[in-house]
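# Reading the structure
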Amino acid sequence: MELSGLYVPLVTPFTDDDRLDLDALAALAAAVLDEGATGVVALGTTGEPATLTRTEARQVVDVCAAVCAGRDRQLVVGTGTSSTAASVDLIADLDPGATAALVAVPAYTRPSQEGVVEHFRHLAAASPVPLVVYNVPYRTGLSLTAHTLHRLADLPGVAGFKHTVGSIDDTTVAFLSALRPDVSVLAGDDLYIGPLISLGARGAITASANVSPRAYAELVSAWRHGPAHHARAAHDALVPLTRALFAEPSPAVIKAVLAAEGRIASPRVRLPLLPATPAALSAALAYRDAPSAPLR
Ligand SMILES: O=C(O)C1=N[C@H](C(=O)O)C[C@H](O)C1
């Protein structure tokens, strides 16, 4: 299994009275795949997994699995907790339709680097599918060294990384410059897709692509295959929209845009997230309509 190209971490649509809108989810999954995504991510950060019941999470995965199976496309499923034992139970129960499991570094507890490696060693041994390690220090509270990242890449059963560190830092450069060829890195920060692919990442997991899947699929493809001036132009054109979609805690603005377009019935997010402000929605709609507007 090759992890490359654009993966869209789908929003989880809710109705105004707070039920799952599974029809809207299926339509969204089909649309992003038909517009160029390699696969979808169910229960990524963008899917608000912390606020879903276990039954709801299962329903979300079932819907995404059916759409992906119908199109022979990849499904990555977000799973895992800060407890190794609980994560092993969850992962052993993963939908057989999943291509890979996206597992964040355990949050809040702040284990040692060695503890993180042991956590993933246990999960990889229990998982029916390959793991994608989700390295997101600004959410987990824990930074990994390049040495730890390389040790994780060496674990049997680890197929890739979602690298989401909010910058191109020394660790990122050291990690990517000596990466095993059989392990894929996917950019997890929408603004850093180009820089990360130019350092060796093979694709991206990009929430902004819920809004404009084709444009972000072309962006990933341009950075992977060139020419460089085309990739730069595609990047410059999408920076304002990307920034507007993340102007407030995600996925509030993304859901507001999708609701304004009638692609989901409600912009509802669950607490502690708040709905997007009207100003944030207007800015995002303006940049969606004029993706080459100058950066502000
Ligand atoms: O849904 C995800 O998974 C994503 N996570 C990143 C985050 O940490 O917010 C952003 C990315 O666009 C999608």
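In the annotation of an unreviewed UniProt entry, the entry for the chain reads 4-hydroxy-tetrahydrodipicolinate synthase, and the organism field reads Cellulosimicrobium cellulans F16. According to its UniProt record, the chain has this under Catalytic activity (unreviewed entry): "L-aspartate 4-semialdehyde + pyruvate = (2S,4S)-4-hydroxy-2,3,4,5-tetrahydrodipicolinate + H2O + H(+)". Regarding the chain, the relevant UniProt record gives this comment under Sequence similarities (unreviewed entry): "Belongs to the DapA family."

With that settled, consider the overall build of the chain. Looking only at helices and strands, one finds 12 helices and eight strands in the chain. Taking 2.2 N^0.38 as the reference for a compact globule, 296 residues should give roughly 19 Å; the C-alpha atoms of the chain span a radius of gyration of 18 Å, in line with that estimate. With the C-alpha coordinates aligned to their principal axes, the bounding extent of the chain is approximately 45 × 45 × 35 Å. Taken over 296 residues, the chain has a buried fraction of 53%. Within the chain, contacts between residues separated by at least 24 positions form 71% of all contacts whose residues are at least 6 apart in sequence. As displayed, the chain offers around 12200 Å² of accessible surface, 56% of which is attributable to carbon and sulfur atoms.

Let us look at the environment of Phe 120. The residue Phe 120 is located in helix α4 (residues 113-126) in this model. Residue Phe 120 is classed as buried on the basis of its relative accessible area, which comes to 0%. Distance in space between the C-alpha atoms of Phe 120 and Val 105 is 8.4 Å, their sequence separation being 15 residues. In this structure Phe 120 touches Val 103, Ala 104, Val 105, Pro 106, Leu 131, Val 133, Leu 152 and Leu 155, once residues within four positions along its chain are discounted.

Once that is clear, we can look at the site of the ligand. The ligand sits among 16 residues. The nearest are Thr 46, Arg 139, Lys 162, Asp 190 and Ala 207. Between an oxygen atom of the ligand and a side-chain N or O atom of Arg 139, the distance comes to 2.7 Å. Asp 190 has a polar side-chain atom sitting 2.4 Å from an oxygen atom of the ligand. In isolation the ligand has 330 Å² of accessible area, and contact with the protein removes 98% of it. Considering only residue class, the shell around the ligand consists of seven nonpolar, six polar and three charged.

One finds Leu 10, Leu 75, Phe 120, Leu 152 and Phe 161 to be the most contacted residues of the largest nonpolar core, which totals 89 residues. For this core, the element with the highest residue contribution is helix α2 (residues 54-71), accounting for eight residues. Once you skip the residues sitting within four places of it in the chain, Leu 10 turns out to touch Leu 25, Leu 28, Ala 29, Val 32, Val 40, Val 41, Thr 46, Gly 47, Cys 64 and Asn 210.

This next bit is on the side chain of Asn 135. One can find Asn 135 in strand β5 (residues 131-135). The class of Asn 135 is buried, set by a relative accessible area of 2%. A polar contact is formed between the side chain of Asn 135 and the side chain of His 163, at a distance of 3.5 Å. Leaving out residues up to four positions away in the same chain, Asn 135 has contacts with Val 105, Leu 144, Leu 149, Lys 162, His 163, Thr 164 and Val 165.

For the rest of this paragraph, the subject is the state of the cysteines. Counted according to the given criterion, the structure contains zero disulfides. Unpaired in terms of disulfides, Cys 64 finds its nearest cysteine sulfur in Cys 68, a separation of 6.4 Å. Judged by relative accessible area, Cys 64 falls into the buried class, the value being 0%. Judged by its relative accessible area of 2%, Cys 68 is buried.

So, about unusual backbone geometry. The step from Ser 250 to Pro 251 runs through a cis peptide bond, and the omega angle for that step is 15 degrees. Looking at the secondary structure, you find Pro 251 in the loop between α10 (228-245) and α11 (252-260). Residue Pro 272 is bonded to the preceding Leu 271 through a cis peptide linkage, with omega at 15 degrees. One can find Pro 272 in the loop between α11 and α12 (278-289). Even without being glycine, Glu 48 reaches a positive phi, approximately 55 degrees. Positive phi is not limited to glycine here, since Arg 110 has a value of about 55 degrees. Note that Arg 110 resides in the loop between β4 (100-104) and α4. Overall, Arg 110 belongs to the exposed group, its relative accessible area being 55%.

The rules behind these values
- Residues numbered from 1 in each chain as written.
- Predicted model: local features only at pLDDT ≥ 70, side-chain atom pairs only at ≥ 80, totals over all residues.
- Heavy atoms only, no water.
- UniProt positions renumbered as here; feature names shortened; annotations may be inferred.
- Helix = DSSP H or I, 4+ residues; strand = E, 2+ residues; numbered from the N terminus.
- Rg over C-alpha atoms; globule rule 2.2 N^0.38 Å.
- Buried < 20%, exposed > 50% of the residue type's maximum accessible area, 1.4 Å probe, protein only.
- Contact = heavy atoms within 4.5 Å.
- Areas by Shrake-Rupley, 256 points an atom, 1.4 Å probe, with all protein chains shown as cover.
- Near = heavy atom within 4 Å.
- Polar contact = N/O pair within 3.5 Å; in protein donor to acceptor, adjacent residues only side chain to side chain.
- Nonpolar A, V, L, I, M, F, W, Y, C, P; charged D, E, K, R; others polar.
- Core = buried A, V, L, I, M, F, W, Y, C linked by side-chain atoms within 4.5 Å.
- Disulfide = S-S within 2.5 Å.

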